[in-house]
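# Survey of secondary and tertiary structure
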Amino acid sequence: MSALPGPRFLNTVLLGGSTPENLDAAAAAGFAQVELWREDVASSSVADVRAVLARTGLQLTDVQVLLDFDGASAATREGKRAEAVSLLALANAMGAGTVLVPACTANDYAPERVTDDLRWLCAHAAGHGLRIAYEGMAWSRLHSTLPSAWQQIEQVGAPNLDIVVDAFHLFATGRTADDLWDIPVERIALVQLSDVLTQPLPGQVTAQARHHRCLPGEGIWPLDMLIHALAKRGYAGPIGLEVFNDALKSRDPHEVAREAMAALEAVLAR
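Here goes a summary of the coordinates provided. Computed from a predicted model, the values in this text were never measured in an experiment. (Residues numbered from 1 in each chain as written. Predicted model: local features only at pLDDT ≥ 70, side-chain atom pairs only at ≥ 80, totals over all residues. Heavy atoms only, no water.)

### Considerations on the nonpolar core
Grouped together as the largest cluster of nonpolar side chains are 96 residues, with contacts concentrated most on Ile 188 and Leu 193. No other element matches helix α11 (residues 253-268), which puts eight residues into this core. Setting aside chain neighbours within four positions, we find Ile 188 in contact with Ile 163, Val 165, Leu 180, Ile 183, Leu 230 and Tyr 235. (Core = buried A, V, L, I, M, F, W, Y, C linked by side-chain atoms within 4.5 Å. Buried < 20%, exposed > 50% of the residue type's maximum accessible area, 1.4 Å probe, protein only. Helix = DSSP H or I, 4+ residues; strand = E, 2+ residues; numbered from the N terminus. Contact = heavy atoms within 4.5 Å.)

### Points about the side chain of Ser 73
You can see Ser 73 is positioned in the loop between β3 (59-64) and α4 (77-94). Filtering out sequence-adjacent residues up to four positions away, Ser 73 remains in contact with Asp 108 and Arg 113.

### A closer look at unusual backbone geometry
The peptide bond linking Gln 64 to Val 65 adopts the cis configuration, its omega dihedral lying at 10 degrees. Turning to its location among the elements, Val 65 is positioned in the loop between β3 and α4. Of note, the phi angle at Asp 68 is positive, near 55 degrees, even though the residue is not glycine. Position of Asp 68 relative to the elements: it lies in the loop between β3 and α4.

### So, the sheet that holds β3
The strand order around the closed barrel built from eight strands is β1-β2-β3-β4-β5-β6-β7-β8, with neighbouring strands paired in parallel fashion. The average angle at which neighbouring strand axes cross in this sheet is 30 degrees, direction not considered. The strands that helix α5 (residues 114-127) touches are β4 (98-102), β5 (131-135) and β6 (161-166); relative to β5, the one it contacts most, it runs at about 150 degrees. (Pairing = 2+ DSSP bridges. Axes fitted to C-alpha atoms, helices over the stretch in contact; angles between N-to-C directions.)

### Some points on the pattern of salt bridges
All told, the structure shown has 13 salt bridges when counted by the stated rule. We note a salt bridge from Arg 8 to Glu 265, for which the minimum N-O separation is 3.1 Å. Of this pair, Arg 8 sits in strand β1 (residues 8-11) while Glu 265 sits in helix α11, and the two are 257 residues apart along the sequence. Relative accessible area serves as the criterion here: at 32%, Glu 265 is assigned to the partly exposed category. Here Asp 117 ties to Arg 77 by a salt bridge, and the two come within 2.5 Å at their closest N and O atoms. Taken together, the residues Asp 117 in helix α5 and Arg 77 in helix α4 connect sequence positions 40 residues apart. Of the two residues, Asp 117 and Arg 77, both sit in the buried class. (Salt bridge = Lys/Arg side-chain N within 4 Å of Asp/Glu carboxyl O.)

Take a look at the structure:
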């Protein structure tokens, strides 16, 4: 039995069917929640997706994703703010409570604007009753590690700004579960698990992240150490899979969702 009692979720990026089919597959496999992309809704409709969520009982871990928002350049800042307003409205329309925002990856980012941008975003999110889940990615320009992302969150000082723990970005940068220790467990918004068959090489991290992750427990990463660290801290929030894998995405979504749930429960039970 897992020491992590939180709801299990599946990021829909793993599945290659239509949005209703993917949601049905996730629910049938036993997932309680899904991470939903704006593209999932755009390929269907708000009404249709909400109908499937209501029928299946699936909850939304988050709606994603707002890329390259914090520290956006002068040329893109207003456009990014308009995009943010649109995504927050979509999250509200979908009945979600959280919007996922990775730390900026753009080459022309303005680091001096990051804190102000995040404060602006959190204020607008609070007006919608939403939380922002902030994720430092391995190729983020300023915050590519958990400690760095957490320091940024502390600097912003907004109660609705929490952190994402993503196994890929943790281990791809050569970090360990020790990065969790200064982060209050109640400020972890969600935990995303995946694995890799080979350690990403410099210059290949992004491609591997977007195409060649594998299900947890099928690769080389010490996911048990991360899981044990979370359990020791008493983490009880959402934990699930974010697996970008072209081969799995090409297969039947119901079959893949069942395999994903089996892999998740197996690695959590170690």
